[in-house]
Amino acid sequence: MAADSSDPLSTGPCFAFSPGGGRDLLALSSADGRVRVWETRTGSLRQEYVPSAHLSAACTCLCWSPAGRPGADKEGPQKKKRKSEAAESTGQFDLLAIGTAVGSILLYSVVKGELQSKLVSGHESKVNCIRWHQNNGCLYSCSDDKHIIEWNSHTCKVKCKWKGDNSSVNCLCISPDGKMLLSAGRTIKLWDLETKEVYRQFTGHSTAVTSLIFTTVRPPNESQPFDGITGLYFLSAAKHDRLLSVWQVRSEVKEKNAILSFRLPEEPVFIDLTVPESKEEPVKLAVVCRNGELHFFEHVFNGYCKKPLSSNSVVEIATSGKDGDSTPKPVSVLSAAFCADKQSLVLVYGSTIHPVMERLTPNSSEPRRCLIRDIQKTLSLRTETTVTKVKTPLVSSEAKTLTPGFPGHSASIKPGSSVPEKAESKRKKGDIKEASIEERLGAMDIDIGNIKTKGGLPQTDSFAVLLVQGLESSDSDILNKVFQTKKDTLIKNTVARLPVYAVIPLLHELTKRLQGHPYSAILMVRWIKAVFTLHASYLTTLPDLIPKLGTLYQLMENRIKMLQKLSRFHGKLFLLITQVAASEKTQASADINQTAKLVYEEESSEEESDDEMVAEKDSDDNWVEEEDDVEHEEQSDNDQDMHIDKGINGDSDPGNESEEE
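Residues numbered from 1 in each chain as written. Predicted model: local features only at pLDDT ≥ 70, side-chain atom pairs only at ≥ 80, totals over all residues. Heavy atoms only, no water.

Closest axis-to-axis distance for the helix α8 (residues 503–514)/helix α9 (residues 520–534) pair is 9 Å, and the angle between their directions is 155 degrees. As summarised for this structure, α8 and α9 are arranged roughly antiparallel, according to the angle between their axes. Seen from above, α8 lies across α9 with left-handed handedness. Of the residues in α9, those in contact with Val503, Leu506, Leu507, Leu510, Arg513 and Leu514 of α8 are Ser520, Ala521, Met524, Val525, Trp527, Ile528, Val531 and Phe532. The residue makeup of the contact of α8 with α9, split by class, is twelve nonpolar, one polar and one charged. (Axes fitted to C-alpha atoms, helices over the stretch in contact; angles between N-to-C directions. Helix = DSSP H or I, 4+ residues; strand = E, 2+ residues; numbered from the N terminus. Parallel < 35°, antiparallel > 145°, perpendicular 65-115°, else oblique. Left-handed = near helix turned anticlockwise from the far one by under 90°. Contact = heavy atoms within 4.5 Å. Nonpolar A, V, L, I, M, F, W, Y, C, P; charged D, E, K, R; others polar.)

If you want to describe how two helices pack, look at the angle between their axes and the distance between the axes. Two elements in contact, helix α7 (residues 488–496) and α9, have axes separated by 9 Å at closest approach and are oriented at 45 degrees. By the angle between their directions, the pair α7 and α9 is classed as oblique. Considering how the two elements wind past one another, α7 and α9 form a crossing that is right-handed. In contact with Asp488, Ile491, Lys492, Thr494, Val495 and Ala496 of α7, α9 contributes Arg526, Trp527, Ala530, Val531 and Leu534.

As a further point, take the side chain of glutamate 150. Among the structural elements, glutamate 150 can be located in strand β11 (residues 147–152). Setting aside chain neighbours within four positions, we find glutamate 150 in contact with Cys138, Leu139, Tyr140, Lys157, Val158, Lys159, Cys160, Trp162 and Lys196.

Our focus in this paragraph is the environment of leucine 294. Mapped onto the secondary structure, leucine 294 falls in strand β23 (residues 294–299). Taking the C-alpha atoms as reference points, leucine 294 and serine 313, 19 residues apart in sequence, are found 8.4 Å from one another. In this structure, leucine 294 is in contact with Ala286, Val287, Val288, Ser313, Val314, Val315, Ala336, Leu345 and Leu347, ignoring residues within four places of it in sequence.

So, on to the sheet that holds strand β7 (residues 105–109). Read across the open sheet, the four strands follow the order β5-β6-β7-β8; overall the sheet is antiparallel. Strands with a single pairing partner mark the edges of an open sheet, and in this sheet they are β5 (59–64) and β8 (114–119). On average, each strand axis in the sheet is inclined to that of its neighbour by 25 degrees, with strand direction left out of account. Bridge count for strand β6 (residues 95–100) against β7 is five bridges, and the pairing is antiparallel. Directly across from isoleucine 98, in β7, lies its bridge partner leucine 106. (Pairing = 2+ DSSP bridges.)

Glancing now at α7. In an α-helix, one turn spans 3.6 residues, which is why side chains three or four residues apart end up on the same side. Of the positions making up α7, those classed as buried are Ile491, Thr494 and Val495. Looking straight down α7, one finds that the buried residues subtend no more than 95 degrees of arc, so they occupy a single side. (Buried < 20%, exposed > 50% of the residue type's maximum accessible area, 1.4 Å probe, protein only. Arc of directions from axis to C-beta.)

Sheet architecture is open: three strands sit in the order β26-β27-β28, paired in antiparallel fashion. Across the chains shown, the open sheet's two edge strands, defined by having one partner strand only, are β26 (333–338) and β28 (355–360). In this sheet, adjacent strand axes meet at a mean angle of 20 degrees when their direction is disregarded. Across five bridges, the pairing between β26 and strand β27 (residues 345–350) is antiparallel. By the bridge assignment, serine 335 is partnered in β27 with valine 348.

A few words on a nonpolar patch on the surface. Taken together, the side chains of Phe569, Leu573 and Ile577 present a nonpolar region at the surface, about 310 Å² in accessible area. Looking at the secondary structure, you find leucine 573 in helix α12 (residues 550–590). (Patch = residues over 30% accessible without salt bridge, like charges linked within 9 Å, V, L, I, M, F, W, Y side chains within 5 Å. Areas by Shrake-Rupley, 256 points an atom, 1.4 Å probe, with all protein chains shown as cover. Salt bridge = Lys/Arg side-chain N within 4 Å of Asp/Glu carboxyl O.)

In this section: the UniProt feature "repeat: WD" (unreviewed entry) in the chain. What UniProt calls "repeat: WD" (unreviewed entry) maps, in this numbering, to residues 25–48 and 120–152. The annotated region residues 25–48 carries 0% helix and 58% strand content, and the separation between its end C-alpha atoms amounts to 13 Å. For residues 120–152, the helix share is 0%, the strand share is 55%, and the end-to-end C-alpha distance is 12 Å. (UniProt positions renumbered as here; feature names shortened; annotations may be inferred.)

In this section: the packing of aromatic side chains. In this description, an aromatic ring pair is defined by two values, namely the gap between the centres and the angle between the planes. Inspection of the entire model under this criterion finds twelve aromatic pairs. Consider the rings of phenylalanine 17 and phenylalanine 270, whose centres lie 5.9 Å apart with planes at 70 degrees: the pair is edge-to-face. You can see phenylalanine 17 sitting in strand β1 (residues 14–17) and its partner phenylalanine 270 sitting in strand β21 (residues 268–273), a full 253 residues away along the chain. The same class applies to phenylalanine 17 as to phenylalanine 270, namely buried. Plain terms: the ring middles of phenylalanine 296 and phenylalanine 338 are 6.3 Å apart, the flat faces sit at 55 degrees to each other, and that makes the pair tilted. Of the two residues, phenylalanine 296 is situated in strand β23 and phenylalanine 338 in strand β26; the sequence distance between them amounts to 42 residues. Through a chain of ring-to-ring contacts, the aromatic side chains of Phe202, Phe214, Phe234 and Trp247 assemble into a single cluster. (Phe/Tyr/Trp six-rings, centres within 6.5 Å; stacked < 30°, edge-to-face > 60°.)

For the chain, per-residue confidence averages 75 on the pLDDT scale, and residues scoring 70 or more make up 67% of the total. Averaged pLDDT values over the elements of the chain bottom out at 39 in helix α1 (residues 83–89) and peak at 94 in strand β13 (residues 171–174). Note that pLDDT drops below 50 for residues 219–228; the model gives that stretch ten contacts with residues more than four away or on any other chain. Low pLDDT, under 50, characterises residues 450–461; the predicted model gives this stretch 16 contacts beyond four residues in sequence or across chains. (pLDDT = per-residue confidence, 0-100.)

Okay, here's the thing in structure tokens:
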């Protein structure tokens, strides 16, 4: 029982061991979209399948069909089979289910070496996990479209489809008796396959669950119903979670928390375990972590355990140092699975293009075990070299041969020796005098005057020469020296002087480095931009451009999809930082002493009204006095005018007349 896929949430490689104790076959899907089937005992490649849409619809998950499943002979078109095919198909693992990124499922026949059938019109998004039913031959799949589908593998049609979670469903697992289905997205749900109803829910992971695997401490009793099984457990692992949780399925006491957990240094990517035959026998776990280490656990499921358990043994692999370098380099473990004896493991490590397989027996007494392996020597011994006969073409004396090379070296070369005929005749006569440099360059049809000019022969220390040398010899030191430059003008000039036959190897090297450290992408993107700008006309003439640049296209497309999510995350993070800074600034300003140094108090309203009334009274009195003064002045003026008029008219006052008399 193994978790077949390494990580349903990533686009990395997928692994699937053939069911049974032998673990004879390993299905592996690499980043180039090819599905390869390897023999674990010999380490040789058995079959290779390239889907027609392997670039646009990459493989996301793999799953082997169970051996001896009913109705295996009824699949596909109804036609007569040969006796050899019938004998060959019995007792072997025939079909391999391949999930794709566009929602379709491919059924590949390993025995025939061809595509058996295709399941379409089911999922609308990427298929995350596939599981075969061990009894009825049905196929169960989950996807990012939040649904779970039950397929009829005979008719290749949807039998039942239901919503599994509010978010994407990442992984599935079928119970040993075939009556229950375990699904996981943000929450883990246990479904009844007959009614398609939720039997139980388990919550304990803060991130999306990536792996599920059932185990039984005691073999189930077929006479009892499934609800009464007390020895049924399952393990779960989540993304960015360093704990492997163990849950117990029982109807009497429905526990909400995990009964125990295993501590890991990194996130698990591949899990396999052994099924014990009795309660006293421990359960053995082989967990491959993302850092490339294999952790071996051995524990008896007999109750709760509060503290997480550490691994009994850790296995890591390193390469032997090269000549003059005694420092070994680590090698990543890709996957591991237990054999039929429950003691030995099939260990897969190295590269996904050509992995190395080895059978190993873990030792619990050794806490850490480092295996030194020479991978290059192992691959050279297993690789079969083909011998071809090389024929030398017949070239006439008048023909000119164009040889590829650097600018200045790609001129026409006359067939025969590069030494002139005169020098050759002198050499035959015994003259030791050799040809001069001018004569040799003249034989190569190279103008001597162009050597001193700017467009002459390239120097040996130029970046274009170093780049081609590094690509042809696969020397990482030379390539690192060239790719570390950050000047755009130097990059453009180097790419412009690059010969056309080195363009595709350069793109392959840039793609490989783009998949490495994130900081290397800043430099590699500049080189890729220069190549596509300066050599676009040459690339468009290649008939097989799509398979050559498919990995680069898929890598760039995946990173562009992540750009929008990262920009949203950057905006939210910037908003939170500004809010925290603003709150700290307000708290700092609130601590300042705000006691006033001067207080101004206004007078009461009653005093203001009294003063206003007094002021108004004074103003009224003054106004009355002013009016009286005006009237008095007007009356005196009138009397004076009357007196003047009387004098003019001869009238006088009687009193005055008597006085005069």
